[in-house]
Amino acid sequence: MPSVGLLHPGAMGAAVGAVLARAGTPVSWVPAGRGPATRHRAEEAGLTEVPDVAALAGCDVVLSVCPPSAALDVARAVAATGFGGVYLDANAISPRHAEEVEALFGGTATVTDGGIVGPPPRSPGTTRLYLSGPDAAVTRLASLFEDTHLRPVVLAGPVGRASALKLAFAAYNKLTFALAAQSYALAEQHGVGGELRELAADVLPATPLGAPGGIASAGRRAWRWEGEMAEIAEACAAAGLSPALLDAVRELFGRWREHRDDDGVTLPQLLQALVTPPG
């Protein structure tokens, strides 16, 4: 059974590590610089603690699941160890940044590209892991996740292709929460928030506008989504598309940064943050 190193067990990373651990794959993680919540998630997921990133150099696979802004630094730290196995960057980064990750290893490791679509994989049928890159390495990774709650989907093509699909999906999916929040903030400013809620529930029931409770969940995760919008904007610009819409949504999500992982945040708090200039 291949050994896997995981950087880092946040909400998504811990769930990905857990599906591997339950399948019998030994998964290691590095606690240095991580807080008590991360340690708790790692222990619940059945991960094994190792002293530092250098200790992961002997793993067969290293899996990076971190905020987009940290992806290059994480890859740089692993490359510095001389790691020579399969490196999977499963972060929401642009195709260009995925190619930069590949270049960091200079051919020492086999770099593959991943895009996770869906919530943390705690039940079957909810979450997909798209994979692209060198055929043999991608096939090996797909076999690791077979018959787990995280469904692997192999895409033919080079590093960057899985990231492109992930960002294209996120550009629609996550913008809908921003649009719904903007709509409710506007309606509340004019005293018709209740009327908008009734109208949207009747006409668009399966959307964030029709079910605005989901906006609160988005607000808790906006600290990650802010960086993701920057990656999508960069990918759009590289493809000849205007990044302006993504830049605006990145600014909106930035107004929710103080509610990072706040389980108690309410929709009224989030809407108020949109009409209050940043401090």
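Notes on the structure in this doc start here. A quick note: this is a predicted structure, and the numbers were derived from the prediction, not measured. (Residues numbered from 1 in each chain as written. Predicted model: local features only at pLDDT ≥ 70, side-chain atom pairs only at ≥ 80, totals over all residues. Heavy atoms only, no water.)

Under the definition given, this model contains 10 salt bridges. Between Arg 220 and Asp 263 there is a salt bridge whose closest N-O contact spans 3.7 Å. Remark: Asp 263 occurs in the loop between helix H9 (244-254) and helix H10 (267-275) and Arg 220 occurs in helix H8 (residues 213-238); sequence separation between them is 43 residues. When its relative accessible area of 22% is taken as the criterion, Arg 220 is described as partly exposed. Taking the relative accessible area as the measure of exposure, Asp 263 reaches 66% and is therefore exposed. (Salt bridge = Lys/Arg side-chain N within 4 Å of Asp/Glu carboxyl O. Helix = DSSP H or I, 4+ residues; strand = E, 2+ residues; numbered from the N terminus. Buried < 20%, exposed > 50% of the residue type's maximum accessible area, 1.4 Å probe, protein only.)

Strand order in the open sheet formed by 8 strands is S3-S2-S1-S4-S5-S6-S7-S8, with mixed pairing between adjacent strands. Each end of this open sheet is capped by a strand with a single partner; those strands are strand S3 (48-49) and strand S8 (150-154). As paired elements, strand S4 (residues 61-64) and strand S5 (residues 86-89) share 4 bridges and run parallel to each other. Across the sheet, the residue bridging to Leu 63 is Leu 88, located in S5. (Pairing = 2+ DSSP bridges.)

Right, let's get into the packing of helix H6 (residues 161-189) against helix H7 (residues 193-203). Between H6 and H7, whose axes approach to 7 Å, the crossing angle comes to 140°. In terms of their interaxial angle, H6 and H7 are classed as oblique. Contacts between H6 and H7 involve Ser 183, Tyr 184, Ala 187 and Glu 188 from the first element and Gly 193, Leu 196, Arg 197 and Ala 200 from the second. Residue composition of the contact of H6 with H7, grouped by class: 4 nonpolar, 2 polar and 2 charged. (Axes fitted to C-alpha atoms, helices over the stretch in contact; angles between N-to-C directions. Parallel < 35°, antiparallel > 145°, perpendicular 65-115°, else oblique. Contact = heavy atoms within 4.5 Å. Nonpolar A, V, L, I, M, F, W, Y, C, P; charged D, E, K, R; others polar.)

Let us look at helix H3 (residues 71-79). For H3, every residue scored as buried is listed here: Ala 71, Val 74, Ala 75 and Val 78. Looking straight down H3, one finds its buried side chains confined to an arc of 95°; they lie on one side. Among the structural elements, strand S1 (4-7), S4, S5 and helix H4 (95-104) are those in contact with the buried residues of H3. (Arc of directions from axis to C-beta.)

Another point: the nonpolar core. Judged by nonpolar contacts, the single largest core of 34 residues is most densely connected at Tyr 184, Ile 215, Met 229, Ile 232, Leu 246, Phe 253 and Trp 256. Put simply, the parts of the chain that give this core at least two residues each are H6, H7, H8, H9 and H10. Among the elements that line this core, the one with the most residues is H6, at 10 residues. When residues no more than four places from it in sequence are discounted, the contact partners of Ile 215 are Phe 177, Ala 180, Ala 181, Tyr 184, Pro 208, Trp 256, Leu 267 and Leu 270. (Core = buried A, V, L, I, M, F, W, Y, C linked by side-chain atoms within 4.5 Å.)

Let us look at the packing of aromatic side chains. Each aromatic ring pair is summarised here by two numbers: the centre-to-centre distance and the angle between the ring planes. Applying the stated criterion to the full structure yields 4 aromatic pairs. Measuring from centroid to centroid gives 4.7 Å for Tyr 87 and Phe 105, while their planes differ by 40°, and the two rings are tilted. Of this pair, Tyr 87 sits in strand S5 while Phe 105 sits in the loop between H4 and strand S6 (110-117), placing them 18 residues apart in sequence. Residue Tyr 87 is classed as buried on the basis of its relative accessible area, which comes to 0%. (Phe/Tyr/Trp six-rings, centres within 6.5 Å; stacked < 30°, edge-to-face > 60°.)

Counting buried positions along S6 gives 7 out of 8 residues, so the element sits mostly inside the fold. When S5 meets S6, the two strands line up parallel, connected through 4 bridges. Bridge pairing in S6 places Leu 88 opposite Thr 112. Crossover handedness for the path S5 to H4 to S6: right-handed. The pairing of S6 with strand S7 (residues 127-132) spans 5 bridges and is antiparallel. Each bridged residue has a counterpart across the sheet, and for Val 117 the counterpart in S7 is Arg 128. (Right-handed = clockwise from strand over helix to strand, strands pointing away.)

What follows concerns the state of the cysteines. One pass over the structure, following the stated rule, counts 0 disulfides. Cysteine Cys 59 remains unbridged, with the sulfur of Cys 66 as its closest cysteine sulfur at 17 Å. When its relative accessible area of 10% is taken as the criterion, Cys 59 is described as buried. (Disulfide = S-S within 2.5 Å.)

Attention now moves to H6. With 29 residues, H6 extends 42 Å from end C-alpha to end C-alpha; this agrees with the ideal 42 Å at 1.5 Å per step. Trailing H6 by a residue or two, Gly 191 shows a phi angle of about 75°, which is positive. (Expected span 1.5 Å × (residues − 1).)

This part covers the packing of H3 against H4. Where H3 meets H4, the closest approach of the two axes is 9 Å, and the angle between their N-to-C directions is 15°. Overall, the two elements H3 and H4 adopt an arrangement that is roughly parallel. Like other packed secondary-structure pairs, H3 and H4 cross with a definite hand, here right-handed. Contacts between H3 and H4 involve Leu 72, Ala 75, Arg 76 and Ala 79 from the first element and His 97, Glu 100, Val 101 and Leu 104 from the second. Here the residues of the contact of H3 with H4 are counted per class, giving 5 nonpolar, 1 polar and 2 charged. (Left-handed = near helix turned anticlockwise from the far one by under 90°.)

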